[in-house]
Amino acid sequence: MVKRPTDRRAVLIAAGAAALAAAAGTAAAQGTDIRGTVTFRGGAAIPEGRIAIYLEDLAIQDQAQRRLAEAHLTSDGRAKVIGFSVPGPDGLTAAPSLQIVARLARADGWLIARGSAQITAQAPVDITLNAVTY
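Report on the accompanying structure. (Residues numbered from 1 in each chain as written. Predicted model: local features only at pLDDT ≥ 70, side-chain atom pairs only at ≥ 80, totals over all residues. Heavy atoms only, no water.)

## Structural notes on the packing of aromatic side chains
Tallying each qualifying case throughout the model produces zero aromatic pairs. One cation-aromatic arrangement involves Arg67 over Tyr54; the distance from NZ or CZ to the ring centre is 3.6 Å. (Phe/Tyr/Trp six-rings, centres within 6.5 Å; stacked < 30°, edge-to-face > 60°. Lys NZ or Arg CZ within 6 Å of the ring centre and 35° of its normal.)

Encoded structure:
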């Protein structure tokens, strides 16, 4: 049997198919993003600091594996509402054990506020930060 050499047309078709598959994968991944807003209790401006927002599955016992996705934002101390987007894992479905958590910390790492909300299917998530008292 004689092997046929790979021609330019076959290479271009394969490259085009790979690019199309990569674009479809990116679009599918973007579709699972969890979007929402963060506010501070009482409608006050969100204090200055760094906000860590993460998706947590309470059904997972191992603390190291409990966080499924994470995003970070910065508050300048003037905004009353900050929007966010956290990339959700593939095949994400709303479950009672899934929650999204927001933690606001100062530049020195001191925790200022925390809030959480349940994940609902295809609906934006609203998290209200509550001041932490020590």
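## Some words on the sheet that holds strand 1 (residues 34-40)
Read across the open sheet, the seven strands follow the order 3-2-5-6-7-1-4; overall the sheet is mixed. On the outer flanks of this sheet lie strand 3 (67-75) and strand 4 (81-86), each paired with one strand and no other. Adjacent strand axes in the sheet meet at a mean angle of 25° when their direction is disregarded. Bridge analysis of strand 1 against strand 7 (residues 125-131) gives five bridges, and the strand direction is parallel. Considered in strand 7, the bridge of Phe40 is made with Leu129. (Pairing = 2+ DSSP bridges. Helix = DSSP H or I, 4+ residues; strand = E, 2+ residues; numbered from the N terminus. Axes fitted to C-alpha atoms, helices over the stretch in contact; angles between N-to-C directions.)

## Points about the pattern of salt bridges
Counted according to the given criterion, the structure contains four salt bridges. Here Arg78 makes a salt bridge to Asp76, at a shortest N to O gap of 3.3 Å. Assessed through its relative accessible area of 66%, Arg78 is described here as exposed. Judged by relative accessible area, Asp76 falls into the partly exposed class, the value being 43%. (Salt bridge = Lys/Arg side-chain N within 4 Å of Asp/Glu carboxyl O. Buried < 20%, exposed > 50% of the residue type's maximum accessible area, 1.4 Å probe, protein only.)

## Overview of the pairing of strand 5 (residues 98-105)
For strand 5, a buried count of seven out of eight residues is recorded, marking the element as mostly surrounded by other parts of the structure. Here strand 2 (residues 49-57) runs beside strand 5; their pairing, made up of eight bridges, is antiparallel. Within strand 5, the residue paired with Tyr54 across the bridge is Val101. Turn length for the strand 5-strand 6 (residues 111-118) hairpin, with the two strands adjacent in sequence and antiparallel, is five residues, and the turn residue Gly109 shows positive phi of about 95°.

## Observations concerning the nonpolar core
Core analysis: the largest hydrophobic core is formed by 24 residues, its most contacted members being Ile46, Ile51, Ile53, Phe84, Ile100, Val125 and Leu129. Of all the elements in the fold, those that place two or more residues in this core are strand 1, strand 2, strand 3, strand 4, strand 5, strand 6 and strand 7. The biggest single contributor to this core is strand 5, with four residues. Excluding its chain neighbours within four sequence positions, the residues that come into contact with Val125 are Ile34, Arg35, Gly36, Thr37, Phe84, Ile100, Ala117, Gln118 and Ile119. (Core = buried A, V, L, I, M, F, W, Y, C linked by side-chain atoms within 4.5 Å. Contact = heavy atoms within 4.5 Å.)

## Details of the environment of Ala79
Relative to the helices and strands, Ala79 is located in the loop between strand 3 and strand 4. With relative accessibility at 26%, the residue Ala79 sits in the partly exposed group. Along the sequence, Ala79 and Ala44 sit 35 residues apart, while their C-alpha atoms lie 8.6 Å from each other. Those residues within four positions of Ala79 in sequence are excluded, and the remaining contacts are Ala45 and Ile46.

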